[in-house]
Amino acid sequence: MTRIAVVVFPGSNCEYDALSGVESLGADAELVWHSTKDLSGFDGVILPGGFAHGDYLRPGALARFSPVMDAVARFAEEGGAVLGICNGFQVLTEAGLLPGALQKNAGLKFLCHPTTLTVTSTDSVLTAHATLGQELVIPINHFSGAYVCDDETLARLEGSGQIVLRYVDNPNGSRGDIAGLANERGNVVGLMPHPERAMSTLLGSADGRVLLESFVAARVRA
Amino acid sequence: MNFLVVVEVTLRRGIADPEGATIERALPALGFSGVSNVQAGKSFRMNVEAENEDAAIEKATALAERLLSNPVIEDAVARLAEVHAT
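Residues numbered from 1 in each chain as written. Chains lettered and ligands numbered in written order. Predicted model: local features only at pLDDT ≥ 70, side-chain atom pairs only at ≥ 80, totals over all residues. Heavy atoms only, no water.

(A) Spotlight on the overall build of chain B. Of regular secondary structure, chain B possesses two helices and three strands. Its helices and strands taken in sequence order, chain B reads β-α-β-α-β from the N to the C terminus. Principal-axis analysis of the C-alpha atoms gives chain B an extent of 50 × 30 × 15 Å. Residues classed as buried in chain B amount to 33% of the 86 residues present. For chain B, long-range pairs separated by at least 24 residues make up 76% of all intrachain contacts whose partners lie at least 6 apart in sequence. Surface summary for chain B: the accessible area is close to 5600 Å², and the carbon and sulfur share equals 51%. Counting 8 positive and 13 negative side-chain charges, chain B places the averaged centre of each group 6 Å from the other. (Helix = DSSP H or I, 4+ residues; strand = E, 2+ residues; numbered from the N terminus. Buried < 20%, exposed > 50% of the residue type's maximum accessible area, 1.4 Å probe, protein only. Contact = heavy atoms within 4.5 Å. Areas by Shrake-Rupley, 256 points an atom, 1.4 Å probe, with all protein chains shown as cover. Lys, Arg positive; Asp, Glu negative; His and termini not counted. Charge placed at Lys NZ, Arg CZ, Asp CG, Glu CD.)

Quick look at the structure:
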């Protein structure tokens, strides 16, 4: 059975949603405290949403120095599947595991509503089971979700298929309508929308399932 | 020696600054005209123990680049505020 670690920072608040999301897909998931230095035995690691370390300084700025982040970097280097959702995405960019940065939303509003995304690459642990061009309705819930990067980085991301999800109606001013992106190997993915909150049609959408299914099934380690 | 150092962190040129833009748009309504290029940023003050001024600035610049700013989107400048007698 796939074993997934959900990292809990002081201030995380989506860890139970993430836990229950992957558990509902058959994974054996476990919450791990941010002081953990060892992630051996896990097949995947999720950095959940929330406000790690109060988002003081910048979202993710202090979380990237939590002891667990060295282990996450090693885990990623060894080809393990890493997923950063919302605040987790911000932590991954601050840690340099994904390029670019997340800035305050263009309209300076905290945005909390469903968004429609297009799958623009299936070469990642999050989108492998989705189909190219597929539209997914998944909620966002953030203040600092505007993706920024320089021209050179954007061109590289476009060329290499690392942009895995784009907004249909860009809600926050993200460059290139980027909602989610992967590293070059496709084993580290970050996205601002919350797939773990789109697991049931009863609660609005089940479109997050295909993403978390991909993640639970991921066996990258090349 | 103990130096009081101020680090200012601002968004790099070309990075959208919605906070600065919003402040700038609010000014005319309050009767302030002729104010442009408003930039929002952060300021940090700290006491830095170092051999001399240059070493204090160097230490503050290093910590500003490592922690206080995100070099992808922000610039950090450290300057001396005053010297404490120690």
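From this point on, the discussion continues.
(B) Just the sheet that holds strand 1 (residues 3-8) of chain A, in detail. Residues and elements named next belong to chain A. Read from one edge of the open sheet, nine strands run 2-1-3-4-11-10-9-6-7, paired in mixed fashion. Where the open sheet ends on each side, the last strands, each with one partner, are strand 2 (28-33) and strand 7 (135-142). Sheet twist, expressed as the average angle between the axes of neighbouring strands with direction ignored, equals 25°. Packing of helix 5 (residues 209-217) onto the sheet brings it into contact with strand 1, strand 3 (44-47), strand 4 (81-85), strand 7, strand 9 (163-167) and strand 11 (188-191), and relative to strand 4 it is tilted by some 150°. (Pairing = 2+ DSSP bridges. Axes fitted to C-alpha atoms, helices over the stretch in contact; angles between N-to-C directions.)

(C) Representation of the environment of Ala29 of chain B in the model. With respect to the secondary-structure elements, Ala29 of chain B resides in the loop between helix 1 (18-26) and strand 2 (41-49). C-alpha separation for the pair Ala29 of chain B and Ile73 of chain B, spaced 44 residues apart in sequence, amounts to 30 Å.

(D) Local environment of the nonpolar core. Counting residues in hydrophobic clusters, the biggest one holds 68 residues, and the most contacted among them are Phe9, Leu39, Ile46, Leu47, Leu83 and Leu165 of chain A. A per-element tally of this core places helix 2 (residues 68-77) of chain A first, with six residues. Contacts of Phe9 of chain A, omitting those with residues within four sequence positions, involve Trp33, His34, Leu47, Ala52, His53, Ala63, Ser66, Val68, Met69 and Val91 of chain A. By size, the runner-up hydrophobic cluster in this structure holds 13 residues, among which are Val5, Met46, Ala50 and Ala78 of chain B. (Core = buried A, V, L, I, M, F, W, Y, C linked by side-chain atoms within 4.5 Å.)

(E) The arrangement of the pairing of strand 2 of chain A in detail. All names here are of chain A. Examined bridge by bridge, strand 1 and strand 2 share six bridges and lie parallel to one another. Residue Val6 lies in a different strand from strand 2, and its bridge partner there is Leu31. As a crossover connection, the stretch from strand 1 through helix 1 (residues 15-23) into strand 2 is right-handed. (Right-handed = clockwise from strand over helix to strand, strands pointing away.)

(F) A look at the interface of chain A and chain B. The partner chain B presents 16 residues to the 15 residues of chain A that form the contact. Between chain A and chain B lies a buried interface of about 1200 Å² when both sides are counted; carbon and sulfur atoms form 63% of it. Among the residues of chain A in contact with chain B, Leu57, Arg58 and Gln103 of chain A are the three that bury the most area, contributing 42% of the side total. If you look at where chain A meets chain B, you find two salt bridges. Across the pair Glu19 of chain B and Lys104 of chain A runs a salt bridge whose closest N-O atoms are separated by 3.2 Å. Taken together, the connections running from chain A to chain B amount to six residue pairs in polar contact (both at pLDDT 80 or more). By residue class, the composition of the side of chain A that touches chain B is eight nonpolar, three polar and four charged. (Buried area = accessible area lost by both parts, 1.4 Å probe. Salt bridge = Lys/Arg side-chain N within 4 Å of Asp/Glu carboxyl O. Polar contact = N/O pair within 3.5 Å; in protein donor to acceptor, adjacent residues only side chain to side chain. Nonpolar A, V, L, I, M, F, W, Y, C, P; charged D, E, K, R; others polar.)

(G) Structural context of unusual backbone geometry. Residue and element names in this part refer to chain A. Residue Asp55 is not a glycine yet carries a positive backbone phi of 60°. Looking at the element boundaries, Asp55 is found in the loop between strand 3 and helix 2. A residue is classified by how much of its surface remains accessible, and Asp55, at 18% relative accessible area, is buried.

(H) Representation of the side chain of Asn172 of chain A in the model. Residues and elements named next belong to chain A. In this structure, Asn172 sits in the loop between strand 9 and strand 10 (178-182). A distance of 2.7 Å separates polar atoms of two side chains, one belonging to Asn172 and the other to Ser174. Dropping the residues within four chain positions of it, Asn172 is found in contact with Asn105, Ala106, Leu111, His142, Gly145, Ala146 and Tyr167.

On their own, these measurements won't tell you what the molecule is for.
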